[in-house]
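Fold and geometry: a report
Listed here are the chains, written in short residue letters.
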Number of protein chains: 2
Amino acid sequence: MRIVVDAMGGDNAPEVVIEGVELALTAEPALQVVLVGAKEATSHVAARYSEQITTIDTTEVIGMGESPTEAVRNKKDSSIVVGCKLVADGLADGFFSAGSTGAVMTAATLIVGRVKGIARPMIATLLPTITDGYVILGDIGANSDVKPEYLLQFARMGETYARLVRGVEQPRIGLLNIGEEESKGNEVTRQAYQLLSQELDSFVGNAEGNEILSGDFDVIITDGFTGNVVLKTIEGLTENLFKHFMQALAPALKDQAIAQVILPELAKLQKKLSAEEIGGAPLLGINGSCFIGHGSSTAKAIANGILATHSAAEVGLSTIISEAAK
Amino acid sequence: MRIVVDAMGGDNAPEVVIEGVELALTAEPALQVVLVGAKEATSHVAARYSEQITTIDTTEVIGMGESPTEAVRNKKDSSIVVGCKLVADGLADGFFSAGSTGAVMTAATLIVGRVKGIARPMIATLLPTITDGYVILGDIGANSDVKPEYLLQFARMGETYARLVRGVEQPRIGLLNIGEEESKGNEVTRQAYQLLSQELDSFVGNAEGNEILSGDFDVIITDGFTGNVVLKTIEGLTENLFKHFMQALAPALKDQAIAQVILPELAKLQKKLSAEEIGGAPLLGINGSCFIGHGSSTAKAIANGILATHSAAEVGLSTIISEAAK
C-alpha cells in the first residue's frame, strides 16, 4: 500500500513528521510512503529510504488558522491539496496529515470525494476507556448540524471501522444523549434513537456523558458540535487533573525514594491516557483512507497514524463503507 | 428568610437531608426552615430546633425514575409539589431539593412559575476551575433545544447570578462553542454569537471544551443538551481519573510513611474537585429562589445548597432577573 504523508502538517513539522515516517517504515516493511512537502524537508530522508519513500515537492503550506475553504481553493501547490489529489487520481491508497483538521476535511471531501450514498463524511477518534480498551467517538467536528439520517450513517460507518480496522467482532453502538430513556434528548437525538433502534442491530442505546469512557460502548455517535466540545473537554480535563495530581504529590516527590516508586507508575498512566498510541482520527465516508493527526503529535503518534491509514487502506475500508451505504 | 427543604429528596434521604438542615441552621442563625416530608422523618429534628424549623407533613414521594410531568400532576401530596406551592403562595422565600431534577424543574415552572419576560428557565451549576475559582455553567438540562434568544437570556441570568450571589463584580460571559472565531459552531451558536456581541457588554467570546475550567470565564452558556453531556463527562472523567491515580499509587501507598505524606494531599484535592462545597444548582428564571442538589449529596452539600438558596432569596435574585428581562 502506498500512503501519502503530509510532511508540512502539525505544530512540529516537518521534523517530527519525518521521524514518524521513519518509525512507521521500520514497523511496517510493506509500507510505501509518498512524502509531500518542501524539497529541503523531504530529500534527506528520501535518500536514506529510497526503496520505501518517493517524494513530491510542494511550495505552499496551509496554516492552522486559515479558512479551510479558501486555503484549499487558493493553495493549489500545498501539501494537503497535492496529497489529496494523489489519492483522487489513484496514485496512492491513503492520506495522512497532522495539519489543519478543517483543511484536510475540506480537501478530502472536495478532491478525494465522498463515498457514494454517504450524505456527510464524519471525523471519528479513538479514546482510551477505563477498561483499558478504546471507544470510537464521532462526529468530532465535521458536521455541526446533523439530521437523524446522518447519525444512522455515522453509526454504520463507525461500526464498519470498529470491525475492520479495530478488530471488534460485535461492536456495541451508543447514541450520545442526556438520559437512558428513548424519550430523552433533543429533537434530533429522539428521532435518531427510533431510527437506530429500527435499522441497526448493533445499537445498544443511549450513552450519557459519564458513560463515554466506561467501556460499555465500542462506538458512540453524536453531532459534530457536541462531539467536538466533549472531546476537547476530555482532553483539557485530563491534562488539568494530571497537573493537579502532580501538584498534590510534589511535597512527597521531593523524597527520592518515594519518587522512584511513584514516577514510573505515573508515567505509565500518562502514556495510557495520551493520544500518542492512537495516532490519528479517520475521516469516514471519504473515498479513500484518510486520517488526521493531532497538531501536537509526537513522532510515535505520527507513526501510529500512518500505520492506521495503511491498515484502513489494506482492508479497503471505504469500499466496504460504500457497500454498507447501499 | 424562610426556605422550604424537601426532606424526601436525594439518594440518602431523609437522614442526610435532616443532617444537612442541622448544619445549615447552625451556620446561619437567621435561617428559618420549612421541612416538608413524612412526619416520622421530620418530627424529631423539628422538636429539637423548634424555633427555626416548622414542618409540613406529606404522604407521597416522587422517585428519581418517574416521568416528571406525570409525577407532578398526579402526586399532589408529594414533598416537591407541596414545597413549591408554599413558595408560590408566598409562605416561603425559597425551595431546596436533592430529588429528581426533572420533577423539581417541572414543579417549579408549573407551580412557582416563570419570571415574567423569561422564555425558558435554565438550570445552572458551579464547577471548580483550575484557578481555584468557580465557573457557572448553564443550561445543564432544562432545554435540550434552544433558540439564540434563549441563550441571550441564559447569559443575562447567569451574569446576574454571578454578580449577586457569587459576588463576581464583572462577570466574563462565554458561549460554549467549537472554535474561537465567530464563524464557528452550529446554526444556533453562530446566531447567538452575533446577538451576544450586540447586546451584552460582558460577553467575551466563545469558550471551547478545554476552556470550560480554565478560569478565563465566570459564566459559560450553552443549550441544555450540550451542557448536560459536558457536565456528566466532567463528573465521570474526574471520578475515573481519580481511580486511575489511586491505582497507580497503590504500590507506593503500601508504605506507611509514604501514605502519611500523600493521602492528606489527595484528600484535599478530592475535596476541591467534589461538588460538596457547591451544594446546589440554581433554577434561574423561576419566580423564587429554587435550587436542586445532587442526588448523592452529602450532609455538607445539602447544607451548602440550603445556604445558597437562602442567599439567593435574601438578595432577591428572581426580582432582579425580572428587572433584567424587561
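In this text, all values refer to a predicted model and were calculated from it rather than measured experimentally. Sequence order as written defines the numbering, with residues in each chain counted from 1. Lettering for chains starts from A, numbering for ligands starts from 1, and both go in the order in which the items are written. Selection of residues for local features in this predicted model requires a pLDDT of at least 70, selection of side-chain atom pairs for listing and counting requires 80 or more, and totals for whole chains, interfaces and linings are taken over all residues. Only hydrogens and water are set aside when side-chain values are computed; all heavy atoms of the structure are taken into account.

With respect to the sheet that holds strand β1 (residues 2–6) of chain B
Residues and elements named next belong to chain B. Paired strands are those between which DSSP finds at least two bridges. Elements are defined by DSSP. Helices are runs of H or I of four residues or more, strands are runs of E of two residues or more, and each kind is numbered from the N terminus. The strand order β3-β2-β1-β4-β11-β10-β5-β6-β9-β7-β8 describes an open sheet built from eleven strands, whose pairing is mixed. Of all the strands in the sheet, the pair left with one neighbour each is β3 (53–57) and β8 (203–207). Here the average twist between neighbouring strands, direction ignored, is 25°. Relative to strand β4 (residues 94–97), β1 is paired through three bridges, and the arrangement is parallel. Along β4, the bridge assignment pairs I3 with G94. Two residues form a contact once any of their heavy atoms are found within 4.5 Å. Orientation is described by axes fitted as lines to C-alpha atoms, over the contacting stretch for helices, and by angles from 0 to 180 degrees between their N-to-C directions. Along the sheet, helix α8 (residues 224–253) makes contact with β5 (122–128), β6 (134–138) and β7 (173–176), crossing β5 at roughly 30°.

Structural notes on the pairing of strand β4 (residues 94–97) of chain A
Residue and element names in this part refer to chain A. Here β4 shows a buried face lined by G94 and F96 and a second buried face lined by F95 and S97. Two elements, β4 and strand β11 (residues 289–292), share four bridges in a ladder whose sense is parallel. Of the residues in β11, the one forming a bridge with G94 is S289. With a 1.4 Å probe rolled over the protein chains alone, any residue whose accessible area is under 20% of its type maximum counts as buried; one over 50% counts as exposed, and the rest are partly exposed.

Looking at the environment of I118(A)
Here I118(A) shows up in the loop between α5 (101–112) and β5 (122–128). Ignoring sequence-local partners within four residues, the contact set of I118(A) consists of Q153(A), M157(A), G285(A), I321(A) and A325(A).

Side note on the packing of aromatic side chains
All names here are of chain A. Each aromatic pair joins two rings of Phe, Tyr and Trp (for Trp, the six-membered one) with centres within 6.5 Å, and gets the label stacked for planes under 30 degrees apart, edge-to-face for over 60, and tilted for any other angle. Enumeration over the complete set of coordinates arrives at seven aromatic pairs over all chains. With a centroid separation of 6.3 Å and 50° between ring planes, the pair formed by Y161 and F291 is classed as tilted. A residue pair is termed long-range when its members are at least 10 positions apart, and Y161 in helix α6 (residues 148–164) and F291 in strand β11 qualify at 130 residues. A single burial state applies to Y161 and to F291, both of which are buried.

Some thoughts on the pattern of salt bridges
Residue and element names in this part refer to chain A. Any carboxyl oxygen of Asp or Glu that lies within 4 Å of a side-chain nitrogen of Lys or Arg is treated as forming a salt bridge with it. For the structure shown, the criterion picks out 20 salt bridges over all chains. The partner of E22 in a salt bridge is R48, and the shortest N-O contact between them spans 3.1 Å. On the criterion of sequence distance, the pair formed by E22 in helix α1 (residues 15–27) and R48 in helix α2 (residues 39–48) is long-range, its members being 26 residues apart. The exposure class assigned to R48 is partly exposed, which follows from its relative accessible area of 49%.

Considerations on helix α10 (residues 299–314) of chain A
All names here are of chain A. One fewer than the residue count of a helix, multiplied by 1.5 Å, yields its expected span. Counted at 1.5 Å a residue, the expected span for α10 with its 16 residues is 22 Å, and the 22 Å between its end C-alpha atoms agrees. With twelve of 16 residues buried, α10 is to be regarded as a mostly interior element. A299, A301, I302, A303, N304, G305, I306, A308, T309, H310, A312 and A313 are the residues of α10 that are buried. The elements touched by buried residues of α10 are β1 (2–6), α1, β4, β11 and α11 (317–324). Following α10 by one or two positions, G316 adopts a phi angle in the positive range, close to 70°.

Description of unusual backbone geometry
Geometrically, the link from G138(A) to D139(A) is a cis peptide bond, its omega value of 0° lying close to zero. Looking at the secondary structure, you find D139(A) in the loop between β6 (134–138) and α6.

Some details on the relation of the copies chain A and chain B
The pair of chain copies shares a relation made of a rotation about an axis and a shift along it. In superposing the copies, a least-squares fit is computed on C-alpha atoms, taking residues whose pLDDT is at least 70 in both. Structural alignment of chain A on chain B gives an RMSD of 0.0 Å, achieved by rotating through 180° and translating 0.0 Å along the axis. In the structure described here, the two chain copies are related by an operation that fits a two-fold rotation axis. When you check the interface residues of chain A against chain B, 100% turn up at the interface there too, and the contact is symmetric in its surfaces.

Quick word on the interface of chain A and chain B
Taken together, the contact between chain A and chain B spans 44 residues of the former and 44 residues of the latter. Interface area, chain A with chain B, both sides summed: about 4200 Å², of which 75% is carbon and sulfur. Here the quantity called buried area is the accessible surface, traced with a 1.4 Å probe, that two parts lose on coming together, added over both. For chain A, the biggest contributors to the area lost against chain B are I178(A), F225(A) and F245(A); these three give 17% of the whole. Put simply, chain A and chain B have two salt bridges between them. Linking K232(B) and E208(A) is a salt bridge whose minimum nitrogen-to-oxygen distance equals 2.4 Å.

Observations regarding the confidence of the model for chain A
Residues at a pLDDT of 70 or more form 99% of chain A, whose mean pLDDT is 94. On the interface metric, ipTM, the complex scores 0.92, and its pTM is 0.93. In predicted models, pLDDT denotes the confidence assigned by the predictor to each residue on a 0 to 100 scale.

Topic: the packing of helix α8 (residues 224–253) of chain A against helix α9 (residues 256–273) of chain A
All names here are of chain A. Two elements in contact, α8 and α9, have axes whose closest approach is 12 Å; the angle formed by their N-to-C orientations is 175°. The angle between α8 and α9 falls in the class roughly antiparallel. Contacts between α8 and α9 involve T238, F242, M246, L249, A252 and L253 from the first element and I258, A259, I262, L263, L266, L269, Q270 and L273 from the second. Nonpolar residues are Ala, Val, Leu, Ile, Met, Phe, Trp, Tyr, Cys and Pro. Charged residues are Asp, Glu, Lys and Arg, and all others, Gly as well, are polar. Class assignment of the residues belonging to the contact of α8 with α9 gives a composition of twelve nonpolar, two polar and no charged. Angles are sorted into four bins: roughly parallel if under 35 degrees, roughly antiparallel if over 145, roughly perpendicular if 65 to 115, and oblique for all others.

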